[in-house]
Protein chains: 2
Amino acid sequence: MDYYSASLSRLINELAKLPGIGNKTAQRLAMHLLKVSKEESSALAHAIIEAKDKIRYCSICFNIADEDPCHICTDQKRDRSILCAVQEAKDIIAIEKTRDYKGLYHVLQGAISPMDGIGPNDVRIKELIIRLQKEDVKELILATNPTIEGEATAMYISKLVKPSGIRVTRIAHGLPVGGDLEYADEVTLAKSIEGRHEI
Amino acid sequence: MDYYSASLSRLINELAKLPGIGNKTAQRLAMHLLKVSKEESSALAHAIIEAKDKIRYCSICFNIADEDPCHICTDQKRDRSILCAVQEAKDIIAIEKTRDYKGLYHVLQGAISPMDGIGPNDVRIKELIIRLQKEDVKELILATNPTIEGEATAMYISKLVKPSGIRVTRIAHGLPVGGDLEYADEVTLAKSIEGRHEI
C-alpha cells in the first residue's frame, strides 16, 4: 500500500538511494524540498544535472574537474618534480586544504584489494608508471589510506617505481594532532614510536 | 580559495542546504552522484522537479497530493463522520501506517506557537471550523504533537469546537509500547497513570 502520492514516493525513493540516507531521512528531505521555493529546489536539481554533464576526469591525473587537463595539472606555479598518489579525487581536496603541498597529484581511483577482486590493473597504476617515465619527477609521495588495501597499494607501487631511481616516500603514521595517547590504538601507537624523530 | 571545480562546488552547496546535511555529507553525496550512472543521477534531479511541479495541497484537507482533492478525501470507503486534525502532512502517513484509522484528515500546517509568532490565524484552524460546519462530522480527533505547541493548539481547537456539540477527543499520552517504566520521564508517566483504564 502506498501512502504517498506517486511523485512524492518517487522522490523519496530516489533520495533514499543516496549513501547514508535511509527511508526516514529521505522522507524528511523530500518534505523539505516541497516546502522550499521552486527556485531553491530546482537549483538543486539543475546542480545535479550540470555537475554530471560538465564534470570529467583529468586525462593526466584523473582528478575530477570541469576542464581537461584539470586546474592543478595546468597550474604552472606548481612544483612538477613532486607527484602525490592518492586513492580518490576527494583526497586531493583534503591535501589541498593543508596548503602545504605544492606538487602535482595522481588519482589511483581505488586501491588494490584482492578480497574485492580489485587487482593492480583495476586502478590507475599503469598510467602512473607511464607518467613517471614521461615527466621529470624526482619524488613520488604515496598518500593512499592507512588501511590494509592502501598499504598494499603503496607497497606494490613502491616496488615498481624504486628501481627507476625516483625517491618514493610514504606519508607518516602516528598520533593525530590533539589526540590522546591513552586512547590511541596499539598499531597507531607502535607506528608512532617507530616513526619517532629527534627534536 | 576554492578546491572544487565550479559545478562540483555548486552541487555541494546546494546539497548542504538540505536539513541535517552538513558540508562533509554534502561532499560525500556529491561524489556519489558523480560516480553513479547518468540515468541514476538525472532520475533524482527529475524526481525533484516533477514532485515540485505536480504536488499541490488538497483544497479540502491540505494534505499534499498529486490531485486535488487528495486520494483520501475522494475515497468513498472512508468514514466521513470522523475527522483527525494533524500538524503536518507527514503525520497523516504515520497514522495511515497504523492501518487503524479509517476517517478523514485535516492538516493544520503547523501549531500555535506565540513564541515563534504563530497565532491561530497562521494555521488552518479557520478552514477546519468551516469544514466542521459544512460536513456531517460526529467526532474530531486532535492528533497534534504532544508538545507545548501541539497541546496549546489542541486546547484552542477543542474550546472552539465543543460548543457545537461535536465530540472532541485527544490522542492518548502514555508509555510507548515496548518502553520501560524505569526510563520514562515523569510527565509521560504521570499522563500514563492519569489515562489508566480498566482491563
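Residues numbered from 1 in each chain as written. Chains lettered and ligands numbered in written order. Predicted model: local features only at pLDDT ≥ 70, side-chain atom pairs only at ≥ 80, totals over all residues. Heavy atoms only, no water.

Engineer: Kindly report on the overall build of chain A, identifying the contributing residues and their values.
Structural biologist: The helix and strand tally for chain A stands at seven helices and six strands. Counted from the first residue to the last, chain A has its helices and strands arranged as α-α-α-β-β-β-α-β-α-β-α-β-α. The globule rule puts the C-alpha radius of gyration for 199 residues at 16 Å, and the 22 Å found for chain A is more than 25% above it. Each of the three principal axes of chain A carries a C-alpha extent, and together these read 65 × 45 × 35 Å. Taking the contacts inside chain A whose residues are at least 6 apart along the sequence as the reference set, 45% of them involve residues at least 24 apart. Accessible surface, chain A: about 11,500 Å² in total, of which carbon and sulfur atoms supply 54%. Within chain A, the 29 negative side-chain charges are centred at a point lying 3 Å from the centre of the 27 positive side-chain charges. (Helix = DSSP H or I, 4+ residues; strand = E, 2+ residues; numbered from the N terminus. Rg over C-alpha atoms; globule rule 2.2 N^0.38 Å. Contact = heavy atoms within 4.5 Å. Areas by Shrake-Rupley, 256 points an atom, 1.4 Å probe, with all protein chains shown as cover. Lys, Arg positive; Asp, Glu negative; His and termini not counted. Charge placed at Lys NZ, Arg CZ, Asp CG, Glu CD.)

Engineer: Outline unusual backbone geometry, listing residues and values.
Structural biologist: All names here are of chain A. Residues D68 and P69 are joined by a peptide bond in cis, for which omega reads 0 degrees. Topologically, P69 is positioned in the loop between β2 (64–65) and β3 (79–86). For F62, which is not glycine, the phi dihedral falls at a positive 65 degrees. For F62, the location among the structural elements is in the loop between β1 (56–57) and β2. The phi angle at R99 is positive, at roughly 55 degrees, despite the residue not being glycine. Here R99 lies in the loop between α4 (89–98) and β4 (103–107). Residue class for R99 comes out exposed when judged on its relative accessible area of 53%. (Buried < 20%, exposed > 50% of the residue type's maximum accessible area, 1.4 Å probe, protein only.)

Engineer: Before we move on, can you summarise the interface of chain A and chain B with the specific residues and values?
Structural biologist: Contact with chain A, which involves 51 residues of that partner, is made by 51 residues of chain B. A combined buried area of about 5,100 Å² lies between chain A and chain B, and 66% of that area is made up of carbon and sulfur atoms. Of all residues in chain A, Y3, I48 and K52 of chain A give up the largest surface area on contact with chain B, accounting jointly for 15% of the area buried on that side. Taken together, the connections running from chain A to chain B amount to four salt bridges. The partner of K38 of chain A in a salt bridge is D53 of chain B, with the nearest N and O atoms 2.6 Å apart. Summed over the shared surface of chain A and chain B, the result is 16 residue pairs in polar contact (both at pLDDT 80 or more). (Buried area = accessible area lost by both parts, 1.4 Å probe. Salt bridge = Lys/Arg side-chain N within 4 Å of Asp/Glu carboxyl O. Polar contact = N/O pair within 3.5 Å; in protein donor to acceptor, adjacent residues only side chain to side chain.)

Engineer: Which residues make up the side chain of K52 of chain B, and what values go with them?
Structural biologist: The topology assignment puts K52 of chain B in helix α3 (residues 38–54). Here the side chain of K52 of chain B touches L33 of chain A through a polar contact of 3.0 Å, landing on its backbone oxygen. Here L34 of chain A takes part through its backbone oxygen, which lies 2.7 Å from a polar atom of the side chain of K52 of chain B.

Engineer: Lay out the pairing of strand β5 (residues 139–142) of chain A with the relevant residues and their values.
Structural biologist: Residues and elements named next belong to chain A. Where burial is concerned, the two faces of β5 agree: the one with E139 and I141 and the one with L140 and L142 are both buried. As judged from the four bridges shared by β3 and β5, these two strands associate in the parallel manner. From the neighbouring strand, I82 faces β5, where its bridge partner is E139. Once the chain exits β5 it traverses helix α6 (residues 148–161) before rejoining the sheet at strand β6 (residues 167–170), and the crossover so formed is right-handed. (Pairing = 2+ DSSP bridges. Right-handed = clockwise from strand over helix to strand, strands pointing away.)

Engineer: So what about the relation of the copies chain A and chain B? Which residues, and what values?
Structural biologist: Structural alignment of chain A on chain B gives an RMSD of 0.1 Å, achieved by rotating through 180 degrees and translating 0.0 Å along the axis. Taken together, the rotation angle and the small translation identify this as a two-fold axis. Identified as the residue of chain A closest to the rotation axis by C-alpha distance is A45 of chain A, at 2.1 Å. Both copies share a contact surface, since 100% of the interface residues of chain A are interface residues in chain B too. (Least-squares fit on C-alpha atoms with pLDDT ≥ 70 in both.)

Engineer: Describe the packing of helix α1 (residues 6–16) of chain A against helix α2 (residues 23–35) of chain A, naming the residues involved and giving the relevant values.
Structural biologist: Residue and element names in this part refer to chain A. Here α1 crosses α2 at 125 degrees, and the two axes come no closer than 8 Å. With respect to their mutual orientation, α1 and α2 come out oblique. Crossing angle aside, the handedness with which α1 passes α2 is right-handed. Contacts between α1 and α2 involve L8, L11, I12, L15 and A16 from the first element and N23, A26, Q27, L29, A30, M31, L33 and L34 from the second. Per-class residue counts for the contact of α1 with α2 are 11 nonpolar, two polar and no charged. (Axes fitted to C-alpha atoms, helices over the stretch in contact; angles between N-to-C directions. Parallel < 35°, antiparallel > 145°, perpendicular 65-115°, else oblique. Left-handed = near helix turned anticlockwise from the far one by under 90°. Nonpolar A, V, L, I, M, F, W, Y, C, P; charged D, E, K, R; others polar.)

Engineer: Got a sec to walk through the pattern of salt bridges? Specific residues and values, please.
Structural biologist: Overall, the coordinates contain 22 salt bridges over all chains when judged by the stated rule. Across the pair D75 of chain A and R78 of chain A runs a salt bridge whose closest N-O atoms are separated by 3.9 Å. The shortest N-O distance in the salt bridge between R78 of chain B and E96 of chain B comes to 2.6 Å. Highlighted residues: R78 of chain B in the loop between β2 (64–65) and β3 (79–86) and E96 of chain B in helix α4 (residues 89–97), separated in sequence by 18 residues. On the basis of relative accessible area, E96 of chain B is assigned to the buried category, the value being 8%. When salt bridges that share partners are traced, they join R10 of chain A together with E50 and K54 of chain B into one network.

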